[in-house]
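# Coordinate analysis (summary)
Residues per chain are reported as follows:
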Amino acid sequence: MTGVAKSRNKAGDPPVGGSGRSGFAGTERSEGCPLNISSEKKAFPLRNWTLLAGAGALALLSAAAPASAAILLSDNFDATAADVLNWSGDTTFTSTSAPGSVDLIGAGGAFDFYPGNGSYVDLDGSTGGGHDPAGELTSNATFGPGNYTLTFLLGGNHRGAPADTTQVSLGSFSTTLVRNSGDPLSTVTLHLTTTTSGQLRFTEQGPSDNIGSILDNVILSTGVPEPTSWALMLIGFGGLGAMLRTRRARGMAAA
Ligand SMILES: [Ca+2]
Ligand SMILES: [Ca+2]
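Now for a description of the structure that goes with this document. Remember, predicted model here, so these are calculated numbers, not experimental data.

## Examining the environment of Asp132
Here Asp132 shows up in the loop between strand S5 (119-122) and strand S6 (135-143). Setting aside its immediate chain neighbours within four residues, Asp132 contacts Gly206 and Ser208.

## Quick notes on the nonpolar core
Counting residues in hydrophobic clusters, the biggest one holds 26 residues, and the most contacted among them are Leu104, Tyr120, Val121, Ile214 and Leu215. Put simply, the parts of the chain that give this core at least two residues each are strand S4 (102-106), S5, strand S7 (146-155), strand S8 (164-170), strand S11 (198-206) and strand S12 (214-222). Leave out the neighbours within four places in its chain, and Leu104 touches Phe77, Thr80, Ala82, Asp83, Val84, Trp87, Ser119 and Val121.

## What about the sheet that holds strand S9 (residues 173-179)?
Taken together, five strands build an open sheet; the order of strands is S3-S6-S11-S8-S9 and the sheet is antiparallel. Strands with a single pairing partner mark the edges of an open sheet, and in this sheet they are strand S3 (93-95) and S9. Taken over all neighbouring pairs, the strand axes of this sheet differ in orientation by 20° on average, direction set aside. Across six bridges, S8 lies against S11 in antiparallel orientation. Pairing of Ser169 across the sheet is with Arg201, part of S11.

## What to know about the pairing of S8
Side chains Asp164, Thr166, Val168 and Leu170 of S8 all project onto a buried face; the interleaved residues Thr165, Gln167 and Ser169 project onto a face where none is buried. Between S8 and S9, which pair antiparallel and follow one another directly, the connecting turn spans two residues, one of which, Gly171, has a positive phi of 60°.

## Structural notes on the environment of Thr91
Considering the arrangement of structural elements, one finds Thr91 in the loop between strand S2 (84-87) and S3. Separated by 16 residues in the primary sequence, Thr91 and Asp75 have C-alpha atoms spaced 9.2 Å apart.

## Describing unusual backbone geometry
Here the bond from Asp132 into Pro133 is cis, since omega is 0°, no more than 30 degrees from zero. Structurally, the position occupied by Pro133 is in the loop between S5 and S6. For the bond running from Gly206 to Pro207, omega is 10°, close enough to zero to count as cis. Structurally, Pro207 is set in the loop between S11 and S12. Of note, His158 is a non-glycine position whose phi angle comes to about 70°, a positive value. Relative to the helices and strands, His158 is located in the loop between S7 and S8. Even without glycine at this site, Asn217 takes up a positive phi of about 50°. Considering the arrangement of structural elements, one finds Asn217 in strand S12.

What counts as what
- Residues numbered from 1 in each chain as written.
- Chains lettered and ligands numbered in written order.
- Predicted model: local features only at pLDDT ≥ 70, side-chain atom pairs only at ≥ 80, totals over all residues.
- Helix = DSSP H or I, 4+ residues; strand = E, 2+ residues; numbered from the N terminus.
- Contact = placed C-beta atoms within 7 Å.
- Core = buried A, V, L, I, M, F, W, Y, C linked by C-beta atoms within 7 Å.
- Buried ≥ 20, exposed ≤ 12 C-beta atoms within 10 Å, placed from the backbone.
- Pairing = 2+ DSSP bridges.
- Axes fitted to C-alpha atoms, helices over the stretch in contact; angles between N-to-C directions.

Structure follows, in structure tokens:
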């Protein structure tokens, strides 16, 4: 089909605080020790505080990294048989691009450019050129502020048409991906953060010529902290260690 303008009906197509003094009891003084433990008349070895702090740190890590990500949205577009030109959408996504549109193709139909993937979406539908956006799919669900992991397949238009630009957005997050005609259908993984609520949206920015990038297998999951968040936590743990070392030194000096 390479180079075919289109044979289908398309016009053109924080740190945990542990404090204390190590290993001595009795008539100790509390000067220099923010947490007065002298009234306990008992030793509470530094290693115990360290273990407590370590447990707290592990609790923080556990809270920050859920054991398994929950899938919030999933659509392989296979529930609808191809070909449906100017497709209106399904229970997960709605075509929101009027007067532009999207097409549902593939699945052994007339435009199965990526066989074996069932049905998939041509993000530039069959309503003619000159539309802005050329096509757009918007999730029916709205998602709140937070971290998300988004994966999907995106491929080139496969018909020799000019490269297409796809905008992917959710709330305050937005990015654009360019696919040349011959680019394969390949997995894109985005770890995104949005500060506002919003719907997941794939917007074909054009050029609007009834031939667009191909979208399939969209999965949105709960996310994990951005790498910068992990870095901040590690810095916090480093500070915790330094604080404990300082307290131990003070305790030995006081003794
Ligand atoms: Ca599919
Ligand atoms: Ca196009």
